[in-house]
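Chain residues, written in single-letter form:
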Amino acid sequence: MSVKLTLRDKEFIVKPGMTLRDSLSKIDVLPEAVLATRQGEMITEDEILQDGDEIKLIAVISGGYEDDKTEAVLLGINGDEM
Amino acid sequence: MKCNQCGGKAVVQMRQHKLALCAKDFLQWLPDQVERFIKKYKMFTHSDRVLAAVSGGKDSLSLWDILWRLGYSVDGLYIGLGIDGGIGYSDESRRLTEKFANERGLRLVVVSVPDVYGEAIPDMAHRTRRGKTKPCAVCGLTKRHIMNRIACEGGYDVLVTGHNLDDEAAALFGNTLNWATGHLVRQWPVLEARPPALARKAKPLCRIYEREMAAYAMLRGIEYIYDECPYAEGSKSIYYKELLNRMEADRPGAKLSFYVSFLQAKENGLFAPHADPNAESLHACTTCGQPTSAPGECAFCRMTLKVK
Ligand code: SF4
Ligand SMILES: [Zn+2]
Ligand SMILES: [Zn+2]
């Protein structure tokens, strides 16, 4: 009796019968940081995960974007308004 | 969970809006929201020529898709950074961006940094000592320079980027921790053009959660680069986003209100314009003609000259 969740190359096993939200909290994944799909369909957090379910988690947070600016300031080379 | 609009099965739940939607209604709702904020912040109109900076990621490709569907006249700009990272990051993101543009018959301008400036970003960073640990500072400077140059040379009315609410909230968080007054004064959904040759800029996704942008890309079937730039790992912005998302989990809407209250406070005069050290007039770089805060050469030309 188990539900499998995958996130990038990580795999997690949880008990069936919990909601997706509770399962995410069990494996310490922030609900805001992922989208969940089951058999290619996106599911909402209230969905109860059943025995044998395979849930693919898609990471949605990307970085580096504003870092360039922060670091440029630290390095003192952000003289330009751009 | 049911769709609040049609009663069908919801696939996206947005706690901060107390709203759940099915795929069809979500794909309608999100572009409507973007349109609403383009108007609210007077970013641009249907008679403007728009240049979208696209990286091959979910935010920028979805932004391009949305603006195109909304009927704006929008071209794309892809900047090839020459970053491999063992995953062919730049090659793959370029391939996906070109595919996206071809499928929609959209015009894409491609600028390859190694081709034009003779060196890939990591090499440039390495040689100029400016990227001892990470090439992000060099990369950011280069991207801003090229985006502005293409926007001006191409006669575009506005340059748009795919910064979403999480990007903006994370930047605001970082700027507040450092009380980076210059950045706080300038942080706004749209920045006016300034002489000489500083293009007008806008962020049409500034009020859309990052998670919703990923949901849009997925539901719309947009193929985007899922792997991150290898240098993004361990970045401060990711760390700040995580902190904000922890708050968001306990208090839906926390990051949205952090950002929106900031915008409101600014409208009410929280920051005096002269708190920006770069508020004085800009100068034209003696080499490339692009704007710089001090007379002489701009930081980009100083950096690339050092390389040559
Ligand atoms: S993470 Fe750094 S090096 Fe990579 S694209 Fe972003 S700014 Fe450039
Ligand atoms: Zn619906
Ligand atoms: Zn210059």
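Summary of the structure given here. Since we're looking at a predicted model, the values are computed, not measured.

### Things to note about the pattern of salt bridges
Scanning the model with the defined rule gives 27 salt bridges over all chains in all. A salt bridge links Glu47(A) to Lys9(B); the nearest nitrogen and oxygen atoms lie 3.1 Å apart. Placement of Glu47(A) in the loop between strand 4 (41-42) and strand 5 (54-59) and of Lys9(B) in the segment before strand 1 (12-14) is noted, with the two residues assigned to different chains. Take Glu47(A): its relative accessible area is 15%, and that puts it in the buried class.

### With respect to the coordination of the zinc ion (ligand 3)
Residues and elements named next belong to chain B. Coordination of the zinc ion (ligand 3) by the protein is provided by Cys285 (SG), Cys288 (SG), Cys298 (SG) and Cys301 (SG), with metal-donor distances spanning 2.3 Å. Because the angles between the four donor atoms bound to the zinc ion (ligand 3) fall within 104 to 114 degrees, the donor set is best described as tetrahedral. If you list the donors of the zinc ion (ligand 3) from N- to C-terminus, the spacing comes out as C-x2-C-x9-C-x2-C. On the criterion of sequence distance, the pair formed by Cys285 in the loop between strand 9 (283-284) and strand 10 (291-292) and Cys301 in helix 12 (residues 299-307) is long-range, its members being 16 residues apart.

### Quick look at the sheet that holds strand 4 of chain A
Ordered by their spatial adjacency, five strands build an open sheet running 2-1-5-3-4 (chain A), and the pairing between neighbours is mixed. If you trace the sheet from one side to the other, it starts and ends with strand 2 (10-14) and strand 4 of chain A, each paired once. Here five bridges tie strand 3 (residues 34-38) of chain A to strand 5 of chain A, and the two strands are oriented antiparallel to one another. Bridge pairing in strand 5 of chain A links Leu35(A) to Ile58(A). Sheet contacts for helix 9 (residues 210-220) of chain B: strand 3, strand 4 and strand 5 of chain A; angle to strand 3 of chain A, the most-contacted strand, approximately 35 degrees.

### Here we look at the nonpolar core
All names here are of chain B. Judged by nonpolar contacts, the single largest core of 65 residues is most densely connected at Phe26, Leu30, Met43, Phe44, Trp64, Leu67 and Val160. Considering each element in turn, this core owes the most residues, seven residues, to helix 1 (residues 23-40). Once you skip the residues sitting within four places of it in the chain, Trp64 turns out to touch Ala52, Val54, Val74, Asp75, Gly76, Phe100, Ala101, Leu106, Arg107 and Leu108. Counting 33 residues, the second largest nonpolar core, distinct from the first, contains Leu77, Leu81, Val109 and Cys139.

### Regarding helix 7 (residues 165-177) of chain B
All names here are of chain B. For helix 7, built from 13 residues, the straight-helix expectation of 18 Å at 1.5 Å per residue is met to within 8% by its first-to-last C-alpha distance of 18 Å. Summarising burial for helix 7: eleven of the 13 residues are buried, a large majority. Within helix 7 the residues assigned to the buried category are Leu165, Asp166, Asp167, Glu168, Ala169, Ala170, Ala171, Leu172, Phe173, Gly174 and Asn175. Contacts made by the buried residues of helix 7 are with helix 8 (181-186), helix 9, helix 10 (236-250) and helix 11 (254-267). Taking the backbone nitrogen of Asp166 as reference, a side-chain oxygen 2.9 Å away marks Asn164 as the first, capping residue of helix 7.

### Things to note about the interface of chain A and chain B
Between chain A and chain B, the residue contacts involve 39 residues of the former and 63 residues of the latter. Between chain A and chain B, the buried area comes to about 4,700 Å², and carbon and sulfur atoms account for 54% of it. In this structure, the salt-bridge partner of Lys255(B) is Glu32(A), at a minimum N-O distance of 3.0 Å. Inspection of the region where chain A meets chain B yields eleven residue pairs in polar contact (both at pLDDT 80 or more). Broken down by element, the side of chain A that touches chain B gets its largest block of residues, seven residues, from helix 2 (residues 67-74) of chain A. Considered class by class, the residues forming the side of chain A that touches chain B number 18 nonpolar, seven polar and 14 charged.

### Remarks on the pairing of strand 4 (residues 73-80) of chain B
Within a regular strand, the side chains alternate between the two sheet faces. Residue and element names in this part refer to chain B. Most of strand 4 is tucked away: seven of the eight residues are buried. When strand 3 (residues 49-54) meets strand 4, the two strands line up parallel, connected through six bridges. Bridging across to strand 4, Val50 finds its partner in Val74. The β-α-β motif built from strand 3, the intervening helix 2 (residues 58-69) and the parallel element strand 4 has right-handed crossover chirality. Bridge count between strand 4 and strand 5 (residues 108-112): five bridges; the pairing is parallel. Looking across to strand 5, one finds that Gly76 is bridged to Leu108.

### Observations concerning the environment of Gly162(B)
Relative to the helices and strands, Gly162(B) is located in the loop between strand 6 (158-160) and helix 7. Spatially, the C-alpha atoms of Gly162(B) and Phe26(B) are 19 Å apart, while their sequence positions differ by 136 residues.

### So, the site of ligand 1
Taken together, ten residues sit near ligand 1, with Cys136(B), Cys139(B), Lys143(B), Cys229(B) and Ala232(B) positioned nearest. In this structure, ligand 1 sits where chains A and B come together, each supplying nearby residues. Looking at the shell around ligand 1, its residues break down into eight nonpolar, one polar and one charged.

Procedures and definitions
- Residues numbered from 1 in each chain as written.
- Chains lettered and ligands numbered in written order.
- Predicted model: local features only at pLDDT ≥ 70, side-chain atom pairs only at ≥ 80, totals over all residues.
- Heavy atoms only, no water.
- Salt bridge = Lys/Arg side-chain N within 4 Å of Asp/Glu carboxyl O.
- Helix = DSSP H or I, 4+ residues; strand = E, 2+ residues; numbered from the N terminus.
- Buried < 20%, exposed > 50% of the residue type's maximum accessible area, 1.4 Å probe, protein only.
- Donors = N, O, S within 2.8 Å, 3.2 Å for Na, K, Ca; no water.
- Tetrahedral: all angles 85-135°; square planar, octahedral: opposite > 155°, others 65-115°.
- Pairing = 2+ DSSP bridges.
- Contact = heavy atoms within 4.5 Å.
- Axes fitted to C-alpha atoms, helices over the stretch in contact; angles between N-to-C directions.
- Core = buried A, V, L, I, M, F, W, Y, C linked by side-chain atoms within 4.5 Å.
- Expected span 1.5 Å × (residues − 1).
- Polar contact = N/O pair within 3.5 Å; in protein donor to acceptor, adjacent residues only side chain to side chain.
- Buried area = accessible area lost by both parts, 1.4 Å probe.
- Nonpolar A, V, L, I, M, F, W, Y, C, P; charged D, E, K, R; others polar.
- Right-handed = clockwise from strand over helix to strand, strands pointing away.
- Near = heavy atom within 4 Å.

Geometry only, nothing functional implied.
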